[in-house]
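In case you want the letters, here they are:
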Amino acid sequence: MCCEWLRCCGGGEARPRTVWLGHPEKRDQRYPRNVINNQKYNFFTFLPGVLFNQFKYFFNLYFLLLACSQFVPEMRLGALYTYWVPLGFVLAVTVIREAVEEIRCYVRDKEVNSQVYSRLTARGTVKVKSSNIQVGDLIIVEKNQRVPADMIFLRTSEKNGSCFLRTDQLDGETDWKLRLPVACTQRLPTAADLLQIRSYVYAEEPNIDIHNFVGTFTREDNDPPISESLSIENTLWAGTVVASGTVVGVVFFTLARELRSVMNTSNPRVSIGLFDLEVNCLTKILFGALVVVSLVMVALQHFAGRWYLQIIRFLLLFSNIIPISLRVNLDMGKIVYSWVIRRDSKIPGTVVRSSTIPEQLGRISYLLTDKTGTLTQNEMVFKRLHLGTVAYGLDSMDEVQSHIFSIYTQQSQDPPAQKGPTLTTKVRRTMSSRVHEAVKAIALCHNVTPVYESNGVTDQAEAEKQYEDSCRVYQASSPDEVALVQWTESVGLTLVGRDQSSMQLRTPGDQILNFTILQIFPFTYESKRMGIIVRDESTGEITFYMKGADVVMAGIVQYNDWLEEECGNMAREGLRVLVVAKKSLAEEQYQDFEARYVQAKLSVHDRSLKVATVIESLEMEMELLCLTGVEDQLQADVRPTLETLRNAGIKVWMLTGDKLETATCTAKNAHLVTRNQDIHVFRLVTNRGEAHLELNAFRRKHDCALVISGDSLEVCLKYYEYEFMELACQCPAVVCCRCAPTQKAQIVRLLQERTGKLTCAVGDGGNDVSMIQESDCGVGVEGKEGKQASLAADFSITQFKHLGRLLMVHGRNSYKRSAALSQFVIHRSLCISTMQAVFSSVFYFASVPLYQGFLIIGYSTIYTMFPVFSLVLDKDVKSEVAMLYPELYKDLLKGRPLSYKTFLIWVLISIYQGSTIMYGALLLFESEFVHIVAISFTSLILTELLMVALTIQTWHWLMTVAELLSLACYIASLVFLHEFIDVYFIATLSFLWKVSVITLVSCLPLYVLKYLRRRFSPPSYSKLTS
């Protein structure tokens, strides 16, 4: 992603800036427009850019020089059109294809740039397009709307004075982020007052760090002026989505190179496939052959006369050795493959954005995939509640519900007449109370806020007062927490209200329980747990609830013999496990804690350490209540798709911005790591020594999946890049968590450099764009979270499971078809060049063309074009078989369909057939030279048509039509070719038997060889087709 302005003007040095609220005209310099641009060219650079990209290939440059040489009289060999028409056609096809792709790209960008936002002005609120937003504008962003540029958060409509952001497009994290407005502007009575005050924001210079920000807000019209420090909590980065309320922000960076989201992406590249590079290499070999043949011809003339001119004439004469139609055929083939992919009903919604590289899909060795939204749906489902002696799964949640119901109905009734309850009711009651304690803890220990919205029937205020179920939505920084609270609602204990200091729960009997929040200890990546202290208003009891990861909670709860084992069992099922515990506190106990806690928070030195120490004094001997298991729902058919890819010889790496535990859970759940494989979790390393020790520990393990965090990865790559990549490439699977977008791209780049293999990157978010653009083949999944990744990718799919068919069927077919097509086009050109060489040798090495004018153009166009091009419809196995046996894909990774060996075989076939036809014609012709042309040319056309039939593996009706049509075209055109061919001679029996004999001699041995090879050394796929 880049900016028009940036491309035209070039950018100055990035500097800190001062932005006045609502006064773009007060800017200290001209800033770029807020434009998204994914195009490779602009209006002026399109034609020069496309032509440069074409002529930088040796192949095309050669033909340009060839065509230009025909303007020199001494070098002219025939009509100008014989050289310029094919070249013009090739360039026209390329320019039109690139133009179509650029126009599509422009339309997609325009759609994003045309999104409408509201801007606060002195005249009130006006609508403004995303591309017209300027630095200093006050922009209103509604709930579920994407933030259009980097902004400072000034106001929110939320009562609690904060808002949540979804940032998974930026950093890949599923947690929602809490953002706070500038206190000074939030206190203003209305949003319009923002324009009445004189205030400005000072922002640090743009940098790549999305997790930190330094700035200040200053209000000048106050006495004394008010200054507030700004941090990451006050920012709204472009590409994030507002998840609650309506927010107002001031724009300080627009969509140029200063944006955080843009700095974490790379520029679009011109995709050039490995297949094209290989074909380019073969054409260089053919050029070498051309030069050698020309030199030999001149040497056999003993370099007589102006021999250097003779060399050039021979170079032109044998120029067919390098087929100009090769580029056109391959480019048209790519268009056909793209069309076939788009039309495949088994993978609906698939879009081919870069039609230059479909063959790459057939040779992928490494697949790098994002997690959130790509492998998973980012929808959490509560799956398991474990109380030690009993576990409740999805099918037994009604039992939990009845326990909760019995507790609250008994509390409300409590009949005094019942004396001495029986043993069964006692057991029942103790079980119910245990379940109740666990559910209550889950319903209270979280950071979730219920929000009420009008639903058309009930307005917002009424819904809030009545706790209307149909209007309530939960907001939290983590989807896990929402899943837990939704589950407690489903079993009867509903969170209906919450503010900074209190919480309300509703029981199955519609009774409201009030709790005061005394303290809250939020979740951090270091502590891996969160705690809350609440007072029950009805009883005055104070309880400390805590939930967290099993590794930290094991040391906090009282001794038990089941925690570790059950956590392991649930983790193996791919569930995210949280351990829930509680501790009852006496009033004086809490007062003592609060005094120490407040004191620790006021200390200037080592504040965080002192605070942690005070909290830890409470975290001892806690009562273990339960384990909860939440599953991040996988996308449909992720497991079989990954299994297919593994069997096809593709190694899968998962690169995610999410937490280590979550990433490991998903890897197990998706069977990215198989059940019998060990997982080596790479310890957090910070320096060279630690990295060395950890790498040595990892080296001793075999057939083991690797899980590593972004920070450790950075240290390893800094000091031991070669060793780390060598070890990682041997792993069956690799999971990198807490990965920054630029790190994902770096891993792709290293894999390409270290292994030389083709990589494919799959992602759905803005944070995956760099990785997608860096890979050899980028695939974007069109998810719920916008289209940024799918717009930047070469291929766009709607579901991860479609990737299997895209690679196994379309990738495989595209590569095999292009390999056959390219080699056949080379064979077609070598045949006619061999005939020219034989002809020149026989006639004293004269540089005289065998076929003139239209014959030479017609040969590679209307006479053989359709049958040869019909090879793009050929396939060796049915698509169902290709999907059933992914091992067939593994064969392609060796690059055998197009190799020096197959190329050499086709060269030998061409030399044999060309020589046979020419010598046959010379032997069998009787009187006139024009008969040689008639016999040899007709035999050549028939040989080519028969060779196409020999190459085809699965006949398509269009192939038959193409063969018959070409033959009909040739016969019909003979009437107009009387200057080259004797029409009366063609009608004789003599002509027919001579052509038949020559064609038979040139083709029959090859048919026999093919039959014998099929009989005694069949290819692997032939067993599946029989």
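Keep in mind that this is a model prediction, so the values were computed, not measured. (Residues numbered from 1 in each chain as written. Predicted model: local features only at pLDDT ≥ 70, side-chain atom pairs only at ≥ 80, totals over all residues. Heavy atoms only, no water.)

Draft legend 1. Quick look at the UniProt feature "binding site: Mg(2+)" (unreviewed entry) in the chain. On the UniProt side, "binding site: Mg(2+)" (unreviewed entry) is annotated at positions that read Asp370, Thr372, Asp764 and Asp768 here. In sequence the annotated residues extend across 399 residues, while in space they remain close, none of their C-alpha pairs exceeding 10.6 Å. Locating Thr372 in the fold gives a position in the loop between β15 (364–369) and β16 (376–386). Note on Thr372: relative accessible area 4%, which makes it buried. The residues contacting Asp768, other than those within four sequence positions of it, are Asp370, Lys744 and Gly763. A distance of 3.0 Å separates the side chain of Asp768 from the backbone nitrogen of Asp764, its partner in a polar contact. (UniProt positions renumbered as here; feature names shortened; annotations may be inferred. Helix = DSSP H or I, 4+ residues; strand = E, 2+ residues; numbered from the N terminus. Buried < 20%, exposed > 50% of the residue type's maximum accessible area, 1.4 Å probe, protein only. Contact = heavy atoms within 4.5 Å. Polar contact = N/O pair within 3.5 Å; in protein donor to acceptor, adjacent residues only side chain to side chain.)

Draft legend 2. Main features of the packing of aromatic side chains. By the definition in use, this model includes 29 aromatic pairs. Relative to Phe253, the ring of Phe252 lies with its centre 4.6 Å away and its plane at 55°, an arrangement referred to as tilted. Classification of Phe253 as buried rests on a relative accessible area of 0%. Centre to centre, the rings of Phe521 and Phe544 are 5.9 Å apart; their planes meet at 90°, and the pair counts as edge-to-face. Note that Phe521 is positioned in strand β22 (residues 512–521) and Phe544 in strand β24 (residues 542–548), a separation of 23 residues in sequence. By the ring-pair criterion, three or more aromatic residues cluster together here, those being Phe521, Phe544, Tyr590, Phe593 and Tyr597. (Phe/Tyr/Trp six-rings, centres within 6.5 Å; stacked < 30°, edge-to-face > 60°.)

Draft legend 3. Broad picture of the sheet that holds strand β9 (residues 215–219). Read from one edge to the other, the open sheet built from 4 strands follows the order β1-β8-β9-β10, with strand pairing classed as antiparallel. In this open sheet, the two strands that pair with only one neighbour each are β1 (17–20) and β10 (226–230). Neighbour to neighbour, the strand axes of the sheet diverge by 20° on average, direction disregarded. Judged from the 5 bridges that link them, strand β8 (residues 199–203) and β9 form a sheet pairing that is antiparallel. Counted as the bridge partner of Tyr202 is Thr216 from β9. (Pairing = 2+ DSSP bridges. Axes fitted to C-alpha atoms, helices over the stretch in contact; angles between N-to-C directions.)

Draft legend 4. Summary view of the pattern of salt bridges. In the structure shown here, the tally under the stated rule is 32 salt bridges. Of the charged contacts in the structure, one is a salt bridge between Glu98 and Lys40, with a shortest N-O distance of 3.8 Å. Residue Glu98 is found in helix α4 (residues 81–113), and its partner Lys40 is found in the loop between β1 and α2 (46–55); the two are separated by 58 residues along the sequence. On the accessibility criterion, Glu98 (6% relative accessible area) is buried. Here Glu782 and Arg353 are joined by a salt bridge, their closest N and O atoms 3.8 Å apart. Taken together, the positions of Glu782 in the loop between β32 (777–781) and α26 (788–792) and Arg353 in the loop between β14 (351–352) and β15 put the pair 429 residues apart, joining distant regions of the chain. Arg353 gets classed as buried once you look at its relative accessible area, which sits at 13%. Taken together, the salt bridges that share partners define one network made up of Lys40, Arg97, Glu98 and Asp331. (Salt bridge = Lys/Arg side-chain N within 4 Å of Asp/Glu carboxyl O.)

Draft legend 5. Broad picture of unusual backbone geometry. Unlike most non-glycine residues, His302 shows phi in positive territory, near 60°. Mapped onto the elements of the fold, His302 is located in the loop between α8 (274–300) and α9 (307–317). Its relative accessible area of 69% is what places His302 among the exposed residues. Positive phi outside glycine occurs at Asp510, with the angle close to 60°. By secondary structure assignment, the location of Asp510 is in the loop between β21 (502–506) and β22.

Draft legend 6. Region of the structure containing the layout of surface pockets. Empty space within the second largest pocket amounts to approximately 1500 Å³. Along its surface, the second largest pocket is lined by 36 residues, and Thr902, Gln953, Arg1013, Pro1019 and Tyr1021 are the ones closest to its centre. Among the elements of the structure, α27 (802–842), α31 (887–892), α32 (900–924), α33 (929–951) and α36 (989–1016) are those that each provide at least two residues to the lining of the second largest pocket. Sort the elements by how many residues they give to the lining of the second largest pocket and α27 lands first, with 7 residues. Looking at the lining of the second largest pocket residue by residue, the classes come out as 16 nonpolar, 8 polar and 12 charged. (1 Å grid on protein atoms, 1.4 Å probe; cavity = no way out; pocket = protein on both sides within 12 Å on 5 of 7 lines; lining within 4 Å. Points joined across faces, edges and corners; volume = space filled by probe spheres on them. Nonpolar A, V, L, I, M, F, W, Y, C, P; charged D, E, K, R; others polar.)

Draft legend 7. Representation of α27. For α27, spanning 41 residues, the distance from its first C-alpha to its last is 59 Å, which sits close to the expected 60 Å at 1.5 Å a residue. Directly beyond the C-terminal end of α27, a positive phi value near 55° is found at Tyr844. (Expected span 1.5 Å × (residues − 1).)

Draft legend 8. Molecular detail of the confidence of the model for the chain. A residue-level look at the chain finds 92% of positions with pLDDT of 70 or above and a mean pLDDT of 86. Overall, residues 1–12 carries pLDDT values under 50, and its contacts beyond four positions in sequence, including any with other chains, amount to 35 contacts. The model gives residues 415–422 a pLDDT under 50, and that stretch makes 0 contacts with residues more than four places away or in other chains. (pLDDT = per-residue confidence, 0-100.)

Draft legend 9. Molecular detail of the pairing of strand β18 (residues 449–452). Alternating positions in β18 separate into two faces, Thr449 and Val451 on one and Pro450 and Tyr452 on the other, with burial throughout. Two strands pair when backbone bridges link them, and β18 and strand β19 (residues 472–475) are joined in this way by 4 bridges, in the antiparallel orientation. Residue pairing for β19: Thr449 is matched across the bridge by Gln475.

Draft legend 10. View of the sheet that holds strand β28 (residues 678–681). Across the sheet, which stays open at both edges, the 9 strands sit in the order β14-β33-β32-β31-β15-β27-β30-β29-β28 with mixed pairing between neighbours. Each having just a single partner strand, β14 and β28 make up the two edges of the open sheet. The pairing of strand β27 (residues 651–655) with strand β30 (residues 733–737) spans 4 bridges and is classified as parallel. Counterpart to Leu655 in the pairing with β30 is Cys736.

Draft legend 11. Representation of a positive patch on the surface in the model. There is a patch of like positive charges on the surface, built from Lys890, Lys894, Arg896, Lys901, Lys1010, Arg1013 and Arg1014. Looking at the positive patch element by element, the count peaks at 3 residues for α36. You can see Arg896 is positioned in the loop between α31 and α32. Overall, Arg896 belongs to the exposed group, its relative accessible area being 52%. (Patch = residues over 30% accessible without salt bridge, like charges linked within 9 Å, V, L, I, M, F, W, Y side chains within 5 Å. Areas by Shrake-Rupley, 256 points an atom, 1.4 Å probe, with all protein chains shown as cover. Lys, Arg positive; Asp, Glu negative; His and termini not counted. Charge placed at Lys NZ, Arg CZ, Asp CG, Glu CD.)

Draft legend 12. Structural view of the packing of helix α22 (residues 710–719) against helix α23 (residues 721–730). One way to put it is that α22 packs onto α23 with a least axis distance of 5 Å and a crossing angle of 120°. Taken together, the axes of α22 and α23 lie oblique to each other. Two secondary-structure elements touch here, α22 through Leu713, Cys716, Leu717 and Tyr719 and α23 through Glu721, Phe724 and Met725. Class assignment for the residues of the contact of α22 with α23 results in 6 nonpolar, no polar and 1 charged. (Parallel < 35°, antiparallel > 145°, perpendicular 65-115°, else oblique.)

Draft legend 13. Region of the structure containing the packing of α22 against helix α24 (residues 741–755). Running from N to C, α22 and α24 point in directions that differ by 45°, and their axes come no closer than 12 Å. Between α22 and α24, the interaxial angle falls into the category oblique. Taken as a pair, α22 and α24 cross one another with a handedness that is left-handed. Contacts between α22 and α24 pair Gly710, Leu713, Glu714 and Leu717 from the former with Gln743, Gln746, Ile747 and Leu750 from the latter. Along the lines of polarity and charge, the residues of the contact of α22 with α24 split into 4 nonpolar, 3 polar and 1 charged. (Left-handed = near helix turned anticlockwise from the far one by under 90°.)

Draft legend 14. Spotlight on the environment of Glu944. One can find Glu944 in helix α33. The exposure class of Glu944 is buried, given its relative accessible area of 1%. The sequence separation of Glu944 and Gln913 amounts to 31 residues, and the corresponding C-alpha distance is 9.8 Å. Those residues in contact with Glu944 that lie beyond four places of it in its chain are Phe824, His827, Arg828, Cys831, Tyr859 and Thr864.

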